[in-house]
Every structure is written in structure tokens, then in C-alpha cells.
Amino acid sequence: MIILGIDPGLATLGYGVIRRDENGKCEMLDYGVITTPKEESLPTRLVLLEDGVNQILRLHRPDQIAFEELFFSKNITTGIAVSHARGVAMLACVKYCPYLYEYTPMQIKQALTGYGKAEKKQIQEVVKMLLRLESIPRPDDAADALAIALCHATASRYGSMFKVNNMTRTKGNNTPEGREFQRRLKEQLEKEDKKDAAAKKAAAQRAKKTAATAATTAQKPKKAGAGTPASAKTVVKAVPAAKAQVGRSPKGGSAAEIAKQIAAQMQEKENTEK
């Protein structure tokens, strides 16, 4: 199962992609950040975030996606901007995958270290250890995103309990499985599969046609002189000149001159006999 973890942010959105096998072992596939220039307007920055998230989704096709929940107690203005970014990222994700989950910062720390108030440095070291990385992922937003993905890898056994919008987090009050989005996703994947199949069929037909043309060409008899080397062609062109020399005597006289001489000799012989 491929899990995408997202650490929401307007200026910097962190993402981390991991794969969890049947035994629960996780490996890192990709991580990084999507940044937006602060001099741009809010709508433009949101568009940039959407494009970046779409690229990640197309590249990795995650089976499930986990977000960090937002909690703000002081700077509400910053919280609103980050909420915009989280909403855009969530909208982009749900179009590709209906399985969206969310965890509080304390739940993430509890899942990775067993202590809900662990320091950021401790979380980063655990991420490095669990994913067997040579160094701590940088920047911090990418490391946080990997921590979110790892948290979901360990908590996914609880089923829908941590799905987005399941605010009660109690058994029997879980959110629906998103059947409408599952249907749309299935249609989209089937459409892409049909397109790929059509392209492969067209390529096979072109290859078959090319092979048939080559076989037909090979069976046709070659025209005289076709493929003759340049040196051979020169000899052929010299043949008419050689034919022009046919009929010459060893002494170099032409056939007409020889006939004339023979006629003169015969006339001279007749005159002598008379």
C-alpha cells in the first residue's frame, strides 16, 4: 500500500510518500516540499499548490492519503491562510483517492514515539530510523509529512476511525467510504486503460503492416540493373562501343573497304583471263 502524507502550508507544503508491505514494514519512496512565492496573490499561490499536488498524485498514485489537522490558538490570520492551502490540497487529493485521513500533532507524536509531547528533533530521528535513511529528511516540512505517513501506516488498522470529517472518532460514527468518488476514480482509470490499450493495438497494427510490406517487397523480382554497382554499370555502358568495333579486320580496314578490295581483285582476274 502506498501512503501519501501531507503537512499543509501556504508558503511551504510538505509531502512524503511511503510504501507499507503486508508485514507492516515501511520504505520511503519520495519526499519534498511545494513552495509558493510570497509576493504572489493568494489565488495564484493556491493554483501553484494544486498543480504541485496533482503532479505528486499522478506520479505515485497513492492508495491512502493522510493530513495533519490544524489547530490555532494565537495567530488566526496565519491559520486562515494555511486552511486555504489545506482545503486546496484536500480537493486535489479527493479527485484521485477517496481515502483521506487526518491526525492531530499529538496523535502523530504518540504513534511514533509513544509520547504525545515529544520534541520535533525526536520525531525526525524516529522517521530516519523507521525508514532506514542515511540522514534526517530536509526541510522540516518534508520530515513532518513522512511522520504523518508513518503515523497512518500504524493507525490504519483502526479502519475509518481517522477518516476526514469523522469528528466523533467513535465506533459506529465513521464517515462513508466515498462511493461516488470511488465510482469516478474507477471510470477515470478504466478510461486511461482503454486509451493505453488502443495505443498498443494501433502500434501492433502498424508493426504488422510494416512487416507485411517488407515481405511483399522481398518476394518481388528485381529489375535488370537494379542494385548494380557503379563499376558494373560503367562496363555495361561501354558495351555499345565494343559492338561498334565488330567487323573490323586485323589490319584496321572496315568491312566495306574489304568488300571493295575483293570486288576489284575479282574484276582484275576476269580482265586477265580475257
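No experiment lies behind these values; they were computed from the predicted model shown.

*Asks:* Please provide a residue-by-residue account of the pattern of salt bridges, values included.
*Replies:* This structure, assessed with the given rule, holds five salt bridges. For R86, the salt bridge goes to E102, with nearest N and O atoms at 2.5 Å. Of this pair, R86 sits in helix α2 (residues 76-96) while E102 sits in strand β5 (residues 100-103); the two residues are 16 residues apart in sequence, bridging distant segments of the chain. Assigned by exposure class, R86 and E102 land together as buried. The salt bridge involving E125 is made with K121; its shortest N-O contact spans 3.7 Å. With E125 and K121 both in helix α4 (residues 120-130) and four residues apart, this pair spans about one turn of that helix. Residue classification places E125 among the partly exposed positions, given a relative accessible area of 34%. Overall, the relative accessible area of 47% leaves K121 in the partly exposed class.

Scoring rules and cut-offs
Residues numbered from 1 in each chain as written. Predicted model: local features only at pLDDT ≥ 70, side-chain atom pairs only at ≥ 80, totals over all residues. Heavy atoms only, no water. Salt bridge = Lys/Arg side-chain N within 4 Å of Asp/Glu carboxyl O. Helix = DSSP H or I, 4+ residues; strand = E, 2+ residues; numbered from the N terminus. Buried < 20%, exposed > 50% of the residue type's maximum accessible area, 1.4 Å probe, protein only.

None of the figures reported here should be taken as evidence of function without further support.
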